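Understanding the architecture of this molecule
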Amino acid sequence: MDSTAREKIIIRTSVTGILVNILLAAFKAAVGLAAASISVVLDAVNNLSDALSSVITIIGARLATRKPDKDHPLGHGRIEYLSAMIVSAIVLYAGVTSAVESVKKIIAPVKPHYTAMSLIIIATAVAAKILLGRYVRSQGRKADSGALIASGTDALSDAALSLAVLLSALFYTFTGIALEAYVGVVISAFIIKAGFEMIQDTIKDILGRRADAEISRRVRELVVEEPEVMGAYDLFLHNYGPGRYYGSVHVELPDTMTVEELDVLTRRIQNKVYHETGVIMTAIGVYSYNTRDGEAAEIRNRIQNKVLAHEWALQLHGFYIDQEAKEIRFDVVMAFDIRHRDGLAILHEELDPLFPDYRLIIAPDIDITD
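Residues numbered from 1 in each chain as written. Predicted model: local features only at pLDDT ≥ 70, side-chain atom pairs only at ≥ 80, totals over all residues. Heavy atoms only, no water.

**Overview of the pairing of strand β6 (residues 359-366)**
Convention followed: Any two strands with at least two DSSP bridges between them are considered paired. Starting at the N terminus, helices and strands are each numbered in turn, a helix being any DSSP run of H or I of at least four residues and a strand any DSSP run of E of at least two.
Relative to β6, strand β5 (residues 327-334) is paired through eight bridges, and the arrangement is parallel. Considered in β6, the bridge of Glu327 is made with Arg359.

Quick look at the structure:
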């Protein structure tokens, strides 16, 4: 999906959310004030915070589409993560404020006064929130917008909380027992929890999370489709905003290829990956594959069996034997539960005595993509 279409989806969905939340907030505030119901009033405040969140989502989406410039050569896509962080902070603030007000009402309770119309309005609000939440979340997935997905999930949580408000109102109507303030505390707890979870999720995006497994798989598939490529390794996907990936990869190629052939191949890979996935491959490195040394395959198998016998050794690749320099070169992908220095020490201790005539050059790799 191109950035223009994505921006339109985000803005259209956010505007819908703003209008619905403002209407719900107005009706709930009127009902809450008339009925002296703290839980309904807090529900209205929650809707207002949702409307404000949608406004921030729109602003973030617009700023994220600004063209790259000298100071930001890779674009402004990560602004969306900052807007999502602001939305999370607003949700968290609304939850804390709601908790304070609810506790005040527990200390100094006020009995509510519901009418049949007020109960109908609350019930309608529950249905509206469910529909809005499902719509916003589906559009968020369509546009790959973390802010929209978070807003949709929050709306569905709000529907559950509004249902709790409705049930407490019905309970009071039939029993005369007011649970308003206590329901307000429950609502506040859910809002605070949602705010913390949204902040944690956004922090992961800002710090840099593991690349999407489906995108990684597809990029590798496209690379190894080329008949000359024996394998694709060390795939790095750098995220600069939702749907904006820059990547690099190592390809294993026969040691008989010329530089001219390599140039044609790498350009073909770059074009194909970009048109199929939108990922811009900024670099394609090369591992040489022995084709003129019959002994290389046997040595590779021996070394691979030794290396992969360790649970922390996830993969061996880039294997090459230089008979003239008497060197054996390869990379080992190591799990995060072992230090590279320790892993290399273990491998050299085991392999050096087996191949005393060669110098082993082992490069540790990070388990960065699936």
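What follows picks up the thread again.
**Focus on the layout of surface pockets**
Note the following rule: A cavity here means a set of points on a 1 Å grid, drawn over the protein atoms and nothing else, where a 1.4 Å probe fits but cannot get out; a pocket is an open set with protein on both sides within 12 Å along at least five of seven lines, and a residue lines either one if it has an atom within 4 Å of a point. Grid points are joined across faces, edges and corners, and a volume is the space filled by probe spheres set on the points. Three categories are distinguished: nonpolar for Ala, Val, Leu, Ile, Met, Phe, Trp, Tyr, Cys and Pro, charged for Asp, Glu, Lys and Arg, and polar for the others, with Gly belonging to the last.
Roughly 240 Å³ of internal volume is contained in the second largest pocket. Lining the second largest pocket are 16 residues; nearest its centre among them are Lys105, Pro109, Val110, Glu180 and Ala181. If you list the elements that add at least two residues to the lining of the second largest pocket, you get α1 (3-35), α2 (38-64), α3 (79-107) and α6 (180-207). A per-class count over the lining of the second largest pocket returns 11 nonpolar, two polar and three charged.

**Structural notes on empty space enclosed by the protein**
On inspection of all chains with the given rule, the structure shows one cavity of 30 Å³ or more. Quantified by volume, the largest cavity comes out at close to 140 Å³. Forming the boundary of the largest cavity are 19 residues, of which Asn21, Asp50, Ser54, Ser151 and Gly152 lie nearest the centre. Among the secondary structure elements, those contributing two or more residues to the lining of the largest cavity are α1, α2, α3, α4 (116-143) and α5 (146-175). No other element matches the six residues that α5 contributes to the lining of the largest cavity.

**Some points on the sheet that holds strand β3 (residues 280-289)**
The condition that has to hold: Axis lines are fitted through C-alpha atoms, for helices just across the contact stretch, and the angle between N-to-C directions can take any value from 0 to 180 degrees.
What the three strands build is an open sheet, ordered β1-β2-β3; its pairing is mixed. Looking along the sheet, the strands with just one partner apiece sit at the ends: β1 (231-239) and β3. Pairwise comparison of adjacent strand axes, ignoring direction, gives a mean angle of 15 degrees for this sheet. Pairing analysis gives seven bridges linking β1 to strand β2 (residues 245-254), with the strands arranged antiparallel. Pairing of Asn239 across the sheet is with Tyr245, part of β2.

**Digging into the sheet that holds strand β4 (residues 313-322)**
Pairing in this open sheet of three strands is mixed, and the strands run β4-β5-β6 from one edge to the other. The open sheet has two edge strands with one neighbour each: β4 and β6. Neighbour-to-neighbour, the strand axes of the sheet open up by a mean angle of 20 degrees, direction not taken into account. In the sheet, β4 pairs with β5 via seven bridges, with the strands oriented antiparallel. Considered in β5, the bridge of Ile321 is made with Ile328.

**Some details on the environment of Thr291**
For clarity, the threshold we go by: Burial classes: relative accessible area under 20% of the type maximum marks a residue as buried, over 50% as exposed, and values in between as partly exposed (1.4 Å probe, protein chains only). Whether two residues touch is decided by their heavy atoms; if any such pair falls within 4.5 Å, the residues are in contact. Counting of polar contacts relies on pairs of N or O atoms within 3.5 Å, with two restrictions inside protein: one atom must be capable of donating a hydrogen and the other of accepting it, and residues adjacent in sequence are counted only when both atoms are side-chain atoms.
Locating Thr291 in the fold gives a position in the loop between β3 and α9 (294-307). With relative accessibility at 42%, the residue Thr291 sits in the partly exposed group. The spacing of Thr291 and Ile187 is 104 residues in sequence and 67 Å in space, taken between C-alpha atoms. Residue contacts for Thr291: discarding those within four places in its chain leaves Pro254, Asp255 and Thr256. In this structure the side chain of Thr291 is engaged in a polar contact, spanning 2.5 Å, whose partner is the side chain of Asp255.

**Here's the deal with the packing of aromatic side chains**
For any pair of aromatic rings, the description rests on two quantities: the centre-to-centre distance and the angle between the ring planes. Just so we agree on the cut-off: Working definition: a ring pair exists when centres of Phe, Tyr or Trp rings (six-membered ring for Trp) sit within 6.5 Å. Plane angles under 30 degrees give stacked, over 60 give edge-to-face, the rest tilted.
Applying the stated criterion to the full structure yields two aromatic pairs. Seen in terms of ring centroids, Tyr240 and Tyr246 are 5.6 Å apart; in terms of plane orientation they differ by 85 degrees. Their pairing is edge-to-face. Given a relative accessible area of 24%, Tyr240 falls into the partly exposed group. Consider the rings of Phe319 and Phe330, whose centres lie 6.0 Å apart with planes at 20 degrees: the pair is stacked. Placement of Phe319 in strand β4 and of Phe330 in strand β5 is noted, with a sequence separation of 11 residues between them. Each of the two residues, Phe319 as well as Phe330, counts as buried.

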